[in-house]
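Breakdown of the fold
Okay, here's what each chain looks like letter by letter:
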Amino acid sequence: MPKTTRSRGGTISGLAQNQAQEPLLLGKRLAIRDGRIEFMDGTGALPDTVLDRDSAGVLRMTGTWKLEGSASTSDAFTARVTGDAAARFVVNADGKLEWGAGSGAADTNLYRDSADTLKTDDGFTVGGYTTLQGAQTNGDFASLGDISISTAGKGLKVKEGANATMGVATLVAGTATVATTKVTATSRIFLTSQADGGTVGFLRVSARSAGTSFTITSSSALDTSMVAWLIVEPAS
């Protein structure tokens, strides 16, 4: 191993002319060989982690890089474009991903909300198709395009019950009042006989009270049919 010296500025000089054969050893855990920084476990084993130049402006590391922060919100990794006032991409120590425009605080995120659940507090746009093996939403679902069910045998399922948008009602003397808070002044209410009874007539919505109920009336006062109903709202 050749003699080496270190200047006050931190430059190491006097290295071997051929570092590929004669690395500079710094203790038992670090070696510099031909521009590569090699890390070892200190037992004399071969290096297990290497940092070197891959190509112009590119560093490469073999092994795993572990980043730690003192708090879950600490920045573990940031990226920005030269001249930006703030980072455009941030990885927090807890794994939360944040994005911004580079001019201020991040405005978009993606993070673990609970076990097996990812969440964003912002919008999410998919340019192509999205395949969901199972999906659930606790709020409104809005689509800017058509909703297509392209597999035969699949369809739309609507939960029935109190204050629902779909259900059945049995006519008594040709009429029935359906109580549901979901009916509005502009609701489109669809009716069809589920099981005919008595003297069957034509069905219509004869009255409605927004937020309270609507009334189904048959043209026959002797109609006792079971009527299926469905409420659909026009989109804004």
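So, a few notes on the structure that sits alongside this text. (Residues numbered from 1 in each chain as written. Predicted model: local features only at pLDDT ≥ 70, side-chain atom pairs only at ≥ 80, totals over all residues. Heavy atoms only, no water.)

Moving on: the sheet that holds strand β16 (residues 203–209). Pairing in this open sheet of three strands is antiparallel, and the strands run β14-β17-β16 from one edge to the other. Among the strands making up the open sheet, the edge pair consists of β14 (175–179) and β16. When strand polarity is set aside, the average angle formed by the axes of neighbouring strands in this sheet is 20°. The sheet contact formed by β14 and strand β17 (residues 213–218) spans five bridges and is antiparallel. For A179, the partnering residue across the bridge sits in β17 and is S213. (Pairing = 2+ DSSP bridges. Helix = DSSP H or I, 4+ residues; strand = E, 2+ residues; numbered from the N terminus. Axes fitted to C-alpha atoms, helices over the stretch in contact; angles between N-to-C directions.)

Looking now at the nonpolar core. The biggest cluster of nonpolar side chains holds 11 residues, and these are A169, L171, A176, V178, V183, I189, F214, I216, V227, W229 and I231. Those elements that place two or more of their residues in this core are β14, β17 and β18 (226–232). The leading source of residues in this core is β18, at three residues. With residues near it in sequence (within four places) discarded, A176 still touches A169, T170, L171, F214, T215 and I216. (Core = buried A, V, L, I, M, F, W, Y, C linked by side-chain atoms within 4.5 Å. Buried < 20%, exposed > 50% of the residue type's maximum accessible area, 1.4 Å probe, protein only. Contact = heavy atoms within 4.5 Å.)

This next bit is on the side chain of T217. Residue placement: T217 occurs in strand β17. Of the residues examined, T217 reaches a relative accessible area of 17% and is grouped as buried. Only 2.7 Å separates the side chain of T217 from the side chain of S206, close enough to count as a polar contact. Here T217 is in contact with G174, T175, F202, L203, R204 and S206, once residues within four sequence places are set aside. (Polar contact = N/O pair within 3.5 Å; in protein donor to acceptor, adjacent residues only side chain to side chain.)

With phi around 55°, N163 is a residue other than glycine that occupies positive phi space. As for its placement among the helices and strands, N163 is situated in the loop between β12 (117–119) and β13 (166–170). Phi is positive for A173, close to 55°, though the residue is something other than glycine. For A173, the position within the fold is in the loop between β13 and β14. A173 gets classed as exposed once you look at its relative accessible area, which sits at 54%.

Mapped onto the fold, T181 is located in the loop between β14 and β15 (188–195). The contact partners of T181, leaving out residues within four places of it in the chain, are N163, G211 and T212.

Quick look at the pattern of salt bridges now. This model, assessed by the stated rule, comprises seven salt bridges. The residue E38 makes a salt bridge to R36 at a minimum N-O spacing of 3.3 Å. Judged by relative accessible area, E38 falls into the buried class, the value being 4%. For R36, a relative accessible area of 30% puts it in the partly exposed group. Residues participating in the shared-partner salt-bridge network are R33, R36, E38, D52, D54 and R60. (Salt bridge = Lys/Arg side-chain N within 4 Å of Asp/Glu carboxyl O.)

All right, on to the pairing of strand β5 (residues 36–39) then. Sheet analysis places strand β4 (residues 30–33) next to β5, joined by four bridges and oriented antiparallel. Bridge pairing links L30 to F39 in β5. Between β4 and β5, which pair antiparallel and follow one another directly, the connecting turn spans two residues, one of which, D34, has a positive phi of 55°. Bridge count between β5 and strand β6 (residues 49–55): three bridges; the pairing is antiparallel.

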